[in-house]
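Single-letter residue listing:
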There are 2 protein chains.
Amino acid sequence: MRIIVDAMGSDRHPGPEIQAAVEAVRLFGDEIILVGKEDVLRPRLEALGPDAAKVQVVHAPEVLAMTDKPATSARRKAQNSMAVGMTLLKEGRGEAFVTAGNTGGAMANALFRLGRLRGVKRPALATRFPTRKGFCVVLDIGANAECKPEYLLQFAVMGSIYAAHVLGVQNPRVGLLSNGEEAGKGNDLVKATYPLLEKSGLNFIGNVEGKELFNGDADVVVTDGFTGNVLLKGSEAVTTLIIDTLKEHLMASPRTKLGALLAKPAFAALKGMLDPSETGAAPLMGVNGLVFIGHGRSDARAMLSAIRAARQAVDHDLLEKLAAGIEARLPMMQVSRSL
Amino acid sequence: MRIIVDAMGSDRHPGPEIQAAVEAVRLFGDEIILVGKEDVLRPRLEALGPDAAKVQVVHAPEVLAMTDKPATSARRKAQNSMAVGMTLLKEGRGEAFVTAGNTGGAMANALFRLGRLRGVKRPALATRFPTRKGFCVVLDIGANAECKPEYLLQFAVMGSIYAAHVLGVQNPRVGLLSNGEEAGKGNDLVKATYPLLEKSGLNFIGNVEGKELFNGDADVVVTDGFTGNVLLKGSEAVTTLIIDTLKEHLMASPRTKLGALLAKPAFAALKGMLDPSETGAAPLMGVNGLVFIGHGRSDARAMLSAIRAARQAVDHDLLEKLAAGIEARLPMMQVSRSL
């Protein structure tokens, strides 16, 4: 397998990217193409020994900064590392592209370089939330701050295909994120999306709230990218707050310290479940190529998980399944103009 | 002090309400007026001994169900327990009204019975989120699923007054919930609200995400009621998931069980910080009366916390401070029609 990795994406690039690339070669025997400033990457790679020699470098002279406007930067900085990486992907030089760069930039570059799958109005970023029973795929988590009901319907289709083929869920249950379980609850977007999902032929279970989501009552939850992003970041932040507060109180006395030591396996199990670097990266579904976007804060472990997530999608033919699944549902996915 | 309590609001009414009312008499020496079906309430109160005799009962023959449409039920079920309770509040028979009934119903009844404070377009429901440094007031958490920039500006004013006078925060820092910290990030509502907050004269610190909120970087965070509700319920649900998962793993072996026993003080401290029943109820700010809305799932302890929250607001003259603070900012709070 060959994975293309943006070496200039994470906040601390290119360290995490380089380390993860070498580790991926070591672990999976993959070929990794690192895209970024060659003069920066080469010497650092060479210092890492024989496995690093199997990492290819493709030069990209420009880097997308957080301050770059996504919409224009894809064109203006045509030689940015995402653009170069996605062009390689389009040319078939690799099977998936992984970046920890900014979401807006990745979306803009992907639309410009790869285009959308036929029938898709807006690509969506999907991530897995840990639940009581396993995972729930939530989309969109940030690619589209403003959405139309039709987009959410399409997200539901793409999320279902992902859950079915990558997570192996039979007939995935689809929930609509709302501020109340009852039908009729929600903002205007939710209220207009509900009937579309009802008649979609998908396994729609109605509105869901945080409780149902984290209980594992749904396999796929759809929402607009603004709400999904707020939910994701809020959940991550409250998790960090809980873990940190607990740590602090556990270190407060010799008694609780000893308790913490004995209880270590329980904490390790919890950490494994909640750690965002276990999820690694979110697929940008609906573009014509496998693009995975990781956290800007990714360290080497998170970048490796991102590569692992991309490999998994390649293994499950996610792109082909998405294209075929959407194609099969084309009439249902197009909603009349009035919406 | 005299607090009016809806006896028919919580999912398991009237048990939690009756217990909390009797406990409030005992603890605070308050007079409590329980509003609900007299024939149900009287015998249950009488069984509770002498303190219960100090709880007054005012009869309300109707109960708002979760299935009742808020907008029409305030008028159609004119004798529902919320309507009767709020009428008592308006007549000055008590200083605050507490209910664990449904938010939409409370909002509709409050608008119909109490009206709004001068200058307020939409009342908002505010709650306190625990943070690394104390509390953050978040509003709206569910009264208005659809909002305009002007509403969020008004929420910021009300939240600041609450933080200043009830929580004792000097010059409260106001954040705007968004999917990115940078100015310019957000959905259309956030983008249009940002400049209003910038020139509001409030201590606006810009966009905030979950991380800043739970870090305690803001004292007040404003958002629309849909997003706020999703964030609140998501945070609660992930907290429950973490605590439950940890418990389960702690009970998995004798070693971790012993660890849990020793670490008990740390868990107790964490629980105290996160327990929603410690917060009790959310003030519906912007209506002409002190109305507190608790969780439908409230037990007696949560109902007692709700009464405590209402007492605290009475003690701090919240209604008068809101009226005066809004009055002083009237020109700033009215945004031209074009928004």
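Owing to the predicted nature of the structure, the values given are computational and were not obtained by experimental measurement.

A. Summary view of the overall build of chain A. In terms of helices and strands, chain A carries 15 helices and 11 strands. Projecting the C-alpha coordinates of chain A onto the three principal axes gives extents of approximately 60 × 60 × 35 Å. Scored against the burial criterion, the 339 residues of chain A give a buried share of 58%.

B. Focus on the relation of the copies chain B and chain A. Superposition record for chain B on chain A: RMSD 0.0 Å, screw rotation 180°, translation along axis 0.0 Å. Here the transformation between the copies is reduced to the relation of a two-fold axis. For chain B, the residue whose C-alpha comes nearest the rotation axis is G259 of chain B, separated from it by 1.9 Å.

C. Representation of the interface of chain B and chain A within the structure. Facing the 47 residues of chain B at the interface are 47 residues of chain A. Elements that contribute at least two residues to the side of chain B that touches chain A include exactly helix 8 (210-215), helix 9 (225-250), helix 10 (254-262) and helix 11 (264-274) of chain B. Looking at the side of chain B that touches chain A element by element, the count peaks at 18 residues for helix 9 of chain B. The residue inventory of the side of chain B that touches chain A, partitioned by class, reads 25 nonpolar, 14 polar and eight charged.

D. Up close: the domain arrangement of chain A. Residue and element names in this part refer to chain A. By the assigned domains, chain A splits into domain 1 (1-120 + 286-318) and domain 2 (122-276). Just the C-alpha atoms count here: the centres of domain 1 and domain 2 sit 26 Å apart. With 13 residues of domain 1 at the interface, the matching set in domain 2 holds 12 residues. Of all the elements in the fold, those that place two or more residues in the side of domain 1 that touches domain 2 are helix 5 (103-113) and helix 13 (300-315). At three residues, the largest contribution of residues to the side of domain 1 that touches domain 2 is made by helix 5. Here the residues of the side of domain 1 that touches domain 2 are counted per class, giving seven nonpolar, five polar and one charged.

E. Quick peek at the sheet that holds strand 5 (residues 124-130) of chain A. Residues and elements named next belong to chain A. The strand order across the open sheet built from 11 strands is 3-2-1-4-11-10-5-6-9-7-8, with neighbouring strands paired in mixed fashion. With partners counted over all chains shown, the strands left at the sheet margins are strand 3 (55-59) and strand 8 (203-208), one partner each. Within this sheet the neighbouring strands show an average axis-to-axis angle of 25°, counted without direction. Relative to strand 8, strand 7 (residues 173-177) runs parallel, the two sharing five bridges. Pairing of V174 across the sheet is with F204, part of strand 8.

Calculation rules
Residues numbered from 1 in each chain as written. Chains lettered and ligands numbered in written order. Predicted model: local features only at pLDDT ≥ 70, side-chain atom pairs only at ≥ 80, totals over all residues. Helix = DSSP H or I, 4+ residues; strand = E, 2+ residues; numbered from the N terminus. Buried ≥ 20, exposed ≤ 12 C-beta atoms within 10 Å, placed from the backbone. Least-squares fit on C-alpha atoms with pLDDT ≥ 70 in both. Contact = placed C-beta atoms within 7 Å. Nonpolar A, V, L, I, M, F, W, Y, C, P; charged D, E, K, R; others polar. Domains from an automatic or database assignment. Pairing = 2+ DSSP bridges. Axes fitted to C-alpha atoms, helices over the stretch in contact; angles between N-to-C directions.

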